[in-house]
Each structure stands twice: as structure tokens, then as C-alpha cells.
Protein chains: 2
Amino acid sequence: MNYLVIMAGGQGTRFWPVSTAECPKQFLDVLGTGRTLLQLTADRMRGIVPPENVWVVTSARYRDLVAAQLPEVPAGQVLLEPCGRNTAPCICYASWKIKKRDPRANIIVSPSDHIVGDEPAFRKCVADALEFAAETDGIVTLGIKPSRPETGYGYIRADLRYSSGRKAGIYRVDAFKEKPEPAVAERYMAEGGYFWNAGIFIWSVSTIINAFRVYAPAISRQFESLLPYYDTDEEQARIDEIYPQCENISIDYAVMEKADEVFVLPAEFGWSDMGTWSSLRERLPQDARGNAVVCAEADFYDTSNCIVHATGLKKIVVQGLDGYIVAEKDGTLMICKLSEEQRIKLFH
Amino acid sequence: MNYLVIMAGGQGTRFWPVSTAECPKQFLDVLGTGRTLLQLTADRMRGIVPPENVWVVTSARYRDLVAAQLPEVPAGQVLLEPCGRNTAPCICYASWKIKKRDPRANIIVSPSDHIVGDEPAFRKCVADALEFAAETDGIVTLGIKPSRPETGYGYIRADLRYSSGRKAGIYRVDAFKEKPEPAVAERYMAEGGYFWNAGIFIWSVSTIINAFRVYAPAISRQFESLLPYYDTDEEQARIDEIYPQCENISIDYAVMEKADEVFVLPAEFGWSDMGTWSSLRERLPQDARGNAVVCAEADFYDTSNCIVHATGLKKIVVQGLDGYIVAEKDGTLMICKLSEEQRIKLFH
């Protein structure tokens with residue numbers, strides 16, 4: 001059986017004021033489609049993972065948001081972190097829980113705040129990766145073919161000389177690369193064989209548990225030790241006790257970079273991590289001058305390349321701006337140059 | 001006895017979206033002081049005109065706004081225009097009404113949407129003008145000493161050679177001048193003897209009624225003909241009938257430019273007609289970079305010379321703007337360069 005683990009604990013501070021700690025962007029309809037990013041993440045897996053096999057790991061404070069937005073997910077499959085400890089503890093917790101339920105599970109782990117333009121292409125990739133993961137002890141990541149020398153993502157270098165014997169188009173990973181300097185990103189583009197690390201992983205539960213046992217044994221032991229308490233009244237109290245003691249470490253550092261059987265499936269499905277207002281603007285329908293609008297009526301005069309995102313305003317008139325964010329939520333308005341958006345976290 | 005006639009029928013479209021046809025700027029607390037411009041207009045006459053002698057002429061649609069904001073003004077002194085006919089019919093209507101009540105009345109006529117920085121100086125001017133008007137059959141205007149070659153106001157040229165024999169510092173008017181071209185405004189400044197026409201008039205009721213009879217007899221006859229109906233149940237119906245037939249003409253054209261005994265009292269009391277967002281910004285307290293804020297909490301980054309005016313927002317963050325208006329009311333937000341504010345009327 002296939003399982004989906006959605007990681008939904010992020011704070012989304014770069015999308016302030018629309019995204020706030022009380023309601024981060026994964027719980028918002030940032031595209032104005034009527035579905036939140038979390039809902040879109042679950043939606044796009046339809047046909048691959050049965051709704052009853054969807055799990056969500058999130059912060060305890062977002063329990064009600066998840067319950068409201070994904071009512072089809074049983075309460076017992078919404079795992080609540082008492083504090084953030086990056087992705088390794090989060091994935092380990094979910095993996096042990098799923099292993100207890102179904103030792104033959106195959107799992108997709110996905111962030112909750114990314115978007116995908118070509119969902120059929122995405123499902124084909126995931127299905128191929130699941131098939132491969134089920135037949136091997138491979139750890140598979142989806143690698144996004146880079147369209148520009150982006151410095152905001154980590155990269156995966158694939159060994160394109162050897163495709164997997166089992167599945168065409170799946171390659172061994174040579175190395176994981178940190179977010180590069182601009183010149184380095186340019187070189188990655190020129191050389192080829194580099195892909196953006198989308199943070200989407202596919203593996204069998206036995207593969208990832210074994211990998212945790214070998215490469216992150218302390219974390220693995222903590223969640224294994226709770227096996228008798230899972231699905232009992234004591235589970236949350238035990239989790240609340242051990243979670244703060246877990247190492248604060250990403251799955252990339254804890255497992256991916258150390259493991260041997262790591263593969264990448266290069267993919268093109270219109271992916272964006274929605275990490276910035278700029279990336280959101282690029283994803284939205286734009287007028288002839290590059291202006292994009294979500295959730296409000298907007299009139300533009302002498303205005304280009306702006307993104308307007310307002311949920312509490314009815315009408316917006318913008319005159320004489322080029323390349324700005326105009327964002328409003330719950331009575332807070334921010335006007336900021338897109339080129340300065342890395343400063344947004346200092347504004348609140 | 002002294003009487004005040006406040007003209008409060010304007011639409012204030014240049015202050016959109018804060019000022020709207022439903023609630024124009026005279027009914028708004030545009031300075032954030034807790035009092036509306038209409039209230040400030042009445043307030044500053046305290047000690048000169050008893051509250052029971054205040055009259056307001058406004059559009060019928062603003063009756064409730066006036067009643068709410070000036071509860072001390074008796075309902076019978078709020079005169080309702082069924083349609084706008086500029087200032088001559090408005091002043092003529094009020095003058096006949098006051099003449100019926102008190103044939104020895106002295107009257108100040110004032111717009112409702114101007115502001116005055118130095119109220120004691122203003123009251124001194126008005127008191128001097130009232131004294132002069134009571135003793136003579138003079139028509140007195142207040143002339144504001146120009147601080148810049150403003151092209152947005154009309155000018156009054158005074159004959160400075162001859163001060164009034166009765167009152168020092170009151171001069172005969174040589175001519176009224178339309179809003180000038182920039183070069184002409186510069187010349188007015190260089191020559192001296194030119195003052196901004198603030199639209200504030202002081203006269204006795206007999207003087208202004210006589211002037212209407214001579215220079216605008218058709219208008220005068222219409223309001224004189226209603227004398228039997230004033231303060232009866234029929235008044236409003238009769239006014240609604242004759243008002244649309246009145247000539248649409250300003251008091252300047254109808255009377256001031258034609259009359260002989262017209263005087264100007266040059267004055268300096270920090271006057272502004274609040275006609276533009278720029279003039280409002282200049283009147284407000286500003287931070288070190290020239291930013292002014294009304295009604296909301298605002299943080300500025302790399303931002304200069306902006307005015308933020310928002311009543312429906314709690315917090316505003318502005319990054320990277322120089323010389324902009326950020327104005328919000330009732331869910332409508334406008335961002336516009338101050339230098340382009342003459343286009344605001346096209347935005348709604």
C-alpha cells in the first residue's frame with residue numbers, strides 16, 4: 001500500500017503579512033483557487049495514495065487547521081510536534097507509526113507548501129518512484145530540472161552514466177549540494193546533471209527505518225521506544241517528552257547525504273516551492289504588464305510587475321509602482337519591493 | 001449678533017478613497033485629531049459666534065451626518081440643497097433665512113473643509129472683519145498671504161495704497177484673479193499685494209442681501225419669494241422646487257467681482273484648503289524623512305515623503321517608496337504618487 005506523509009509544520013514567515021505564525025502559508029489559499037496549499041498537496045496525490053493513507057506531521061498549534069482542511073484524514077494520522085526539530089525527527093516519527101500499521105508500506109514524503117503545475121506528470125513520476133522503491137531498497141528523491149541558475153535551492157548531482165537497472169530514468173545520486181553562490185549555480189546549469197532538491201522523497205518503510213537505524217540511530221531509537229504507546233492515550237504525552245530531546249536536523253543531513261542507495265528521478269512538472277513572493281507572482285496569471293492579483297479586485301495605472309494579495313480588502317488601486325508586493329491580511333498591509341523581499345522577516 | 005454659515009455640500013472627490021460621495025472629507029477626521037473638518041470649522045469660531053447662531057448649508061443626503069457631527073446646531077438651521085448650485089444660491093438662501101430671523105445680523109461664511117493652524121490669529125482677523133462689516137456696508141474677504149506661487153488658488157489683488165479709514169489693515173480689492181499659470185503666480189509673488197482667496201467672507205446681512213438684489217437679482221428674488229414659507233412645513237418642498245432653477249454660479253462671479261465696496265483683510269493664520277493629499281501631508285506631523293501617518297500604525301523602511309491614511313487597517317509596513325499616498329477606507333486601498341494625485345478622480 002502507498003502512504004503519503006505531508007510535512008506541515010512550517011512557519012512561512014517570508015509570506016508575511018498573508019502568512020503568519022498563527023496561520024502559515026500551507027494553510028492559505030495563496031493562489032486564489034479555493035484550495036489551500038495543504039489541500040492541493042493532498043489533492044494531487046489522488047489515485048496514488050488512498051485518502052485513508054494520508055498522514056500529516058505538524059505543530060500542535062495547527063491541529064485544528066489540519067482537521068478543518070483535511071477532514072478525510074483520521075485524527076490519529078495527524079501527528080503533533082510539540083516543537084520544531086527539522087525534518088529528520090518528523091519523518092522518523094511518521095515512519096515508525098506507519099511501520100507499526102503496515103510493515104510493507106511504501107511512502108511518499110512531501111512538503112505541504114509547494115505547488116505543481118503539471119499534476120499528471122507529477123503523478124507519473126511518483127508512481128515510477130514508488131514502483132522502484134517497492135522493488136529495491138532504494139531511497140528516491142525527485143530532482144527538478146533547473147530552468148534558471150537559482151541560488152535559493154539545494155542541488156542534487158546525478159550520475160547520468162548509469163541509469164538504474166530496474167527503472168529507466170532513475171539515476172544514482174553523486175552528491176547533494178548546498179544552496180550555491182551565483183557563479184556556482186551558473187556552472188551547474190552549464191555542466192548539466194544537476195537538479196533542484198524538491199524535498200520530496202519516496203521509499204519503502206523498511207528502507208527508511210533501516211536508514212535511520214544506521215545513520216541516525218539516536219533519533220530512530222527514541223521513536224522505536226515509543227512503539228508500545230502509539231495509538232494509546234499516552235502517545236502524545238510521550239512524544240511531548242522525547243521530541244525536545246531529538247536532534248534538530250534535516251533528513252538531508254541525517255540520512256540522504258550518508259546513505260548509499262540514493263537515487264534521483266529527474267522530473268519536469270512545473271514545480272515551485274512557493275518560497276517567495278516572486279515565485280508566487282511567477283505562478284499566477286498576469287496582465288500584459290506582469291501584474292498578478294489574488295483575492296481582491298485591483299486596478300493598475302502605470303504599474304508593472306507587481307503582485308497584489310489581499311483578503312481583507314475589496315478594491316485596490318495602484319498607480320506608479322514597478323516590481324512591488326502589495327499584501328494585506330487581517331488589517332495588516334505591507335508594501336515592499338520584490339527585490340527586497342528577503343527583508344520581510346524583519347518587518348514583523 | 002454674529003452668525004456663521006458653513007458651506008458643507010462638497011463632494012471631496014480628490015481625497016478618494018478616504019473621502020467618498022457618501023461621506024466627503026468635511027465629515028472626516030482627516031487630521032486624526034478626533035474632530036472632523038466640519039467640527040473643526042465650528043469649533044474655531046467659539047467666542048465669536050454663539051453655538052445657537054451656527055447655520056450649515058449642505059446636500060440633503062448629508063443631513064444625518066451634519067446632525068450627528070454638530071448636534072448643537074438646531075435642525076432648522078441645517079439647510080438642505082436638493083442639488084448643488086455652487087456658492088451663490090447657497091449663500092443667498094442662508095442670507096434670506098438669517099435676515100428673516102435677525103435683520104441686524106453680521107455673518108461669516110466659511111467653507112467646511114479648510115484648516116487653520118493659528119486659531120487665535122484667525123479669530124482676531126474674523127473679529128476685526130466683523131467689526132468693520134458691522135460699521136460699514138463693506139463686503140470683506142480674508143486674503144491669505146501667499147507662501148509659495150501656488151497655481152491651485154484664486155488670488156485677490158489689494159490696493160495697498162489705501163487702507164480703510166475705519167480699520168487699519170483692511171484694504172480695497174482691486175481685482176479677483178483666477179487660478180494663475182505658474183509664471184503669473186511667480187509674478188504675483190514678486191509684485192506683492194496679491195493674496196490667496198480663501199473663500200471666507202464677512203458681511204452684514206443687509207449688505208449681502210442688497211448686493212444680491214443688485215448683482216444677482218434673479219437668485220435673490222427666488223429666495224425672497226419663499227419668505228412666507230421659511231420655518232414652515234412647506235419650506236423644503238418649495239426649496240426643492242426652486243433650487244434646480246437657480247443659476248449655477250459662485251459667489252465670486254455673482255457678487256464679489258461686480259460689487260464696489262469689497263475689501264480684503266490680509267491674514268496669516270496657517271490656512272490650508274486641504275484640497276490635495278499633498279496639502280494634507282504638509283499639515284501633518286512628519287517623521288525625519290517626511291512621512292506622515294493618520295489613523296493607523298505604520299512602519300517605514302527606505303521610505304520618504306509619503307502620506308499614509310488608513311482607517312480600516314491596524315498596521316502598515318511600507319518599504320521603498322518616495323512621495324506616495326497610501327490611503328485606505330472601508331476596504332478600498334489606493335497607492336498613488338503624490339505628483340500624480342490630480343488623476344485620483346479618474347480612479348473611482
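Structural notes, computed from the coordinates. The residue numbers shown here count from 1 along each chain, following its written sequence. Each chain takes a letter, starting from A, and each ligand takes a number, starting from 1, following the order in which they are written. Whole-chain, interface and lining totals are the exception, using all residues; otherwise, since this is a predicted model, local features are given only for residues with pLDDT of at least 70 and side-chain atom pairs are given and counted only at 80 or more. In computing side-chain properties, one takes all heavy atoms of the structure into account and sets aside hydrogens as well as water.

## As for the interface of chain B and chain A
Only heavy atoms enter the contact rule, under which two residues are in contact if any of them lie within 4.5 Å. The interface of chain B with chain A comprises 27 residues on the first partner and 27 residues on the second. Taken together, the two surfaces of chain B and chain A that pack against each other cover about 2,300 Å², and 56% of this comes from carbon and sulfur. Note: buried area is the sum, over both parts, of the accessible area (probe 1.4 Å) each one loses when the two are combined. Sorting the residues of chain B by area buried against chain A places Gln319(B), Leu333(B) and Ile335(B) first, and these three jointly supply 27% of that buried surface. Salt bridges are defined by distance alone: a side-chain nitrogen of Lys or Arg within 4 Å of a carboxyl oxygen of Asp or Glu. Applying the counting rule to chain B against chain A returns two salt bridges. Arg343(A) is paired through a salt bridge with Asp302(B); the nearest N and O atoms lie 2.6 Å apart. The definition of a polar contact used here is a pair of N or O atoms within 3.5 Å, where within protein one atom must be able to donate a hydrogen and the other to accept one, and adjacent residues in sequence count solely through side-chain atom pairs. Counting across the interface, chain B meets chain A through 20 residue pairs in polar contact (both at pLDDT 80 or more).

## Quick notes on the packing of helix H3 (residues 87-101) of chain A against helix H6 (residues 205-215) of chain A
Residue and element names in this part refer to chain A. As a packed pair, H3 and H6 sit with axes 10 Å apart at the nearest point and diverge in direction by 130°. As summarised for this structure, H3 and H6 are arranged oblique, according to the angle between their axes. Crossing geometry of H3 relative to H6 is assigned as left-handed. On H6, the residues touching Ala 88, Ile 91, Cys 92, Ser 95, Trp 96 and Lys 99 of H3 are Val 205, Ile 208, Ile 209, Phe 212 and Arg 213. Only Asp, Glu, Lys and Arg are considered charged in this grouping, and only Ala, Val, Leu, Ile, Met, Phe, Trp, Tyr, Cys and Pro are considered nonpolar; every other residue, Gly among them, is considered polar. Of the residues assigned to the contact of H3 with H6, the class counts are eight nonpolar, one polar and two charged. Interaxial angles span 0 to 180 degrees and are taken between N-to-C directions of axes, which are lines fitted to C-alpha atoms, for helices over the stretch in contact. Strands here are runs of E lasting at least two residues and helices are runs of H or I lasting at least four, both read from the DSSP assignment and numbered beginning at the N terminus. Just so you know how the angles are binned, under 35 degrees is roughly parallel, over 145 roughly antiparallel, 65 to 115 roughly perpendicular, and the rest oblique. When the near helix sits turned anticlockwise from the far one by under a right angle, the crossing is termed left-handed; a clockwise turn instead gives a right-handed crossing.

## Section: the side chain of Asn53(B)
Locating Asn53(B) in the fold gives a position in the loop between helix H1 (37-43) and strand E2 (54-59). With near-sequence residues (within four places) excluded, Asn53(B) lies in contact with Met1(B), Asn2(B), Tyr3(B), Leu4(B) and Gln77(B).

## A look at unusual backbone geometry
All names here are of chain A. The omega torsion across Trp 16 and Pro 17 is 5°, close enough to zero to call that bond cis. Mapping Pro 17 onto the fold places it in the loop between strand E1 (2-7) and helix H1 (37-43). Notably, Cys 295 is not glycine yet its phi reads approximately 75°, a positive angle. Positionally, Cys 295 belongs in the loop between strand E12 (292-294) and strand E13 (297-301). Under the relative-accessibility criterion, Cys 295 is labelled partly exposed at 41%. Only protein chains enter the accessibility calculation, which uses a 1.4 Å probe; a residue is then buried when its area is under 20% of its type maximum, exposed when over 50%, and partly exposed in between.

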